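Residues per chain are reported as follows:
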Amino acid sequence: MTSRTSQELAELEREAVEAIEAADSLPRLLEARSQVLGRKGTITESLRGIGAADPADRARLGRELNLAKQRIEARFADRRAALEAGARERELREHRLDVTLPGTGLRSGHLHPVTQLEREMVAFFTGLGFSIEDGPQVETDYNNFEALNFPPDHPARDMQDTFYVEGGNLLRTHTSPVQIRAMQRLEPPFRFVVTGRVYRHDFGPRSSPMFHQIEGVMVDERTSFGDLKGILYAFARQLFGARVDLRFRASYFPFTEPSAEFDVTCPNCAGAGCGTCSQSGWIEWGGCGMVHPRVLENCQIDAERYQGFAFGMGIDRAAMIRFGLPSIHVLFEPDARILEQI
Ligand code: DAH
């Protein structure tokens, strides 16, 4: 290989610098550089050829090539910096973000109205010294019925359309089986509340196959029906306002004797009669009574010495009364717009 003359080298450098300056993108710039300084680039090959050059010319050739290489590298670096700055500039311009714009706002969730009411109800009773008891939603027939004094084949079982699960267990139809679980464990005197989901094969504007109940029991040597009424009055007034009234009607439950159902004055019309209460002025709310001695005995509690009251009512029903809802299903349809209004 014959070595290049100084003039040829100057020409080579000029072309390289022109290509570098003309490159309008990073890939093109890299391409231009590799034509000169890449593995097969013109300057690289010339450098490689020095050994074969005329010994008298080697020093000159080496110096000129290295200087040219340095200058080209410098132009390349400048161009590269300029192209990269331009790219960032463009990026900033195109993705302009106005940090002073008002935000769209984070909407925070809230507890479901039934949960809110449940907590409020439990707080009322814990304030009176009641403890909290809990039990499973899949129950035995014994706890849900038999120990509560529903004999097998007793027609009272029809009052509660039961969902059975495989193996003879059932979805509890009320929170009352937790009475059994708790009373088998506790020594009188005691008082406790239970809340939770219950299930019945039932559907209507006021009934859903799944709903919530709150249940309470108080057992002592002299607990009376008067205590029960006093507590339920205080409870109703706490939930629905000082002016609500309660009405007790004699009724029947296998696990209480005597038994009563109670209604609350319709808060919508204050008892005058309206569409919400079917013109009666009253809304049915729950059941109660004195715990049947046989239920106490099923829990190894001395029914000669101890007596107590029990009550149970729907939490969803209370939510309907409190919030004036036309249907229980509003509570269970996951429409945040409706739940927010409540
Ligand atoms: N368990 C009854 C029901 O779901 C409600 C009830 C009535 C509960 C009387 C009680 C009670 O504790 O004493 O229909």
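A. Highlighting the overall build of the chain. For the chain, the count of helices and strands is 11 helices and nine strands. Whereas a compact globule of 342 residues would reach a radius of gyration of roughly 20 Å, the chain reaches 43 Å, over 25% beyond that. Projected onto its principal axes, the C-alpha positions of the chain cover 130 × 45 × 35 Å. Each of the 342 residues in the chain was classed as buried or not, and the buried ones make up 42%. Considering only contacts within the chain whose residues lie at least 6 apart along the sequence, 65% involve residues at least 24 apart. Approximately 19,000 Å² of the chain is accessible, and the part contributed by carbon and sulfur atoms is 50%. Distance between charge centroids for the chain: 8 Å, based on 40 positive and 48 negative side chains.

B. Geometry of the packing of helix α1 (residues 6-22) against helix α4 (residues 55-94). Orientation of α1 relative to α4, taken along the N-to-C sense of each, is 10°, at an axis distance of 10 Å. As summarised for this structure, α1 and α4 are arranged roughly parallel, according to the angle between their axes. On the side of α1, the interface is formed by S6, L9, E13, A16, V17, I20 and E21, while α4 contributes R60, L61, E64, L65, A68, R71, I72, R75, F76 and R79.

C. Looking closely at the side chain of T195. With respect to the secondary-structure elements, T195 resides in strand β4 (residues 190-199). Within the structure, T195 has its side chain in polar contact with the side chain of E118 (distance 2.9 Å). Setting aside chain neighbours within four positions, we find T195 in contact with E118, V122, E133, D134, R172, T175, Q213, I214 and I315.

D. Fine view of the nonpolar core. Ranked by internal contacts, the top residues of the largest apolar core, which has 43 residues, are M121, F125, F240, W285 and F311. Among the elements that make up this core, the one with the highest residue count is helix α8 (residues 225-240) (seven residues). Grouped together as the second largest cluster of nonpolar side chains are 23 residues, A147, V178, F190 and I301 included.

E. Highlighting the state of the cysteines. For the structure on display, the rule yields zero disulfides. No disulfide involves C288; its sulfur sits 19 Å from the nearest other cysteine sulfur, which is in C299.

F. Region of interest: the site of the ligand. Around the ligand sit 16 residues, and of these H174, S176, R200, Q213 and E215 come closest. Interatomic distance of 2.9 Å between a side-chain N/O atom of S176 and a nitrogen atom of the ligand. At 3.1 Å, a backbone N or O of A310 approaches an oxygen atom of the ligand. Compared with its free state, where it exposes 350 Å², the ligand has 93% of that area covered by protein. Given that more than half its atoms are within 2 Å of the pocket grid, the ligand belongs to the largest pocket. Breaking the shell around the ligand down by element, the ones donating at least two residues are β5 (210-220), β8 (282-291) and β9 (307-314). Classifying every residue of the shell around the ligand gives five nonpolar, nine polar and two charged.

G. Geometry of the packing of aromatic side chains. Under the definition given, this model contains 16 aromatic pairs. Ring geometry for Y233 and F248: centres 6.2 Å apart, planes at 45°, overall tilted. Taken together, the positions of Y233 in helix α8 and F248 in strand β6 (residues 246-253) put the pair 15 residues apart, joining distant regions of the chain. Pairing F262 with W285 gives two aromatic rings, centres 5.8 Å apart and planes at 85°, and the pair type is edge-to-face. Of this pair, F262 sits in strand β7 (residues 256-265) while W285 sits in strand β8, and the two are 23 residues apart along the sequence. Considered together, F262 and W285 belong to a single accessibility category, that of buried residues. Ring-pair connections join several aromatic residues into one group, and the members of that group are F124, F125, F130, F225, Y233, F235, F240, F248, F262, W285, F309 and F311.

Criteria and thresholds
- Residues numbered from 1 in each chain as written.
- Predicted model: local features only at pLDDT ≥ 70, side-chain atom pairs only at ≥ 80, totals over all residues.
- Heavy atoms only, no water.
- Helix = DSSP H or I, 4+ residues; strand = E, 2+ residues; numbered from the N terminus.
- Rg over C-alpha atoms; globule rule 2.2 N^0.38 Å.
- Buried < 20%, exposed > 50% of the residue type's maximum accessible area, 1.4 Å probe, protein only.
- Contact = heavy atoms within 4.5 Å.
- Areas by Shrake-Rupley, 256 points an atom, 1.4 Å probe, with all protein chains shown as cover.
- Lys, Arg positive; Asp, Glu negative; His and termini not counted.
- Charge placed at Lys NZ, Arg CZ, Asp CG, Glu CD.
- Axes fitted to C-alpha atoms, helices over the stretch in contact; angles between N-to-C directions.
- Parallel < 35°, antiparallel > 145°, perpendicular 65-115°, else oblique.
- Polar contact = N/O pair within 3.5 Å; in protein donor to acceptor, adjacent residues only side chain to side chain.
- Core = buried A, V, L, I, M, F, W, Y, C linked by side-chain atoms within 4.5 Å.
- Disulfide = S-S within 2.5 Å.
- Near = heavy atom within 4 Å.
- 1 Å grid on protein atoms, 1.4 Å probe; cavity = no way out; pocket = protein on both sides within 12 Å on 5 of 7 lines; lining within 4 Å.
- Sits in = over half its atoms within 2 Å of the grid points.
- Nonpolar A, V, L, I, M, F, W, Y, C, P; charged D, E, K, R; others polar.
- Phe/Tyr/Trp six-rings, centres within 6.5 Å; stacked < 30°, edge-to-face > 60°.

These values are about where atoms sit, not about what they do.
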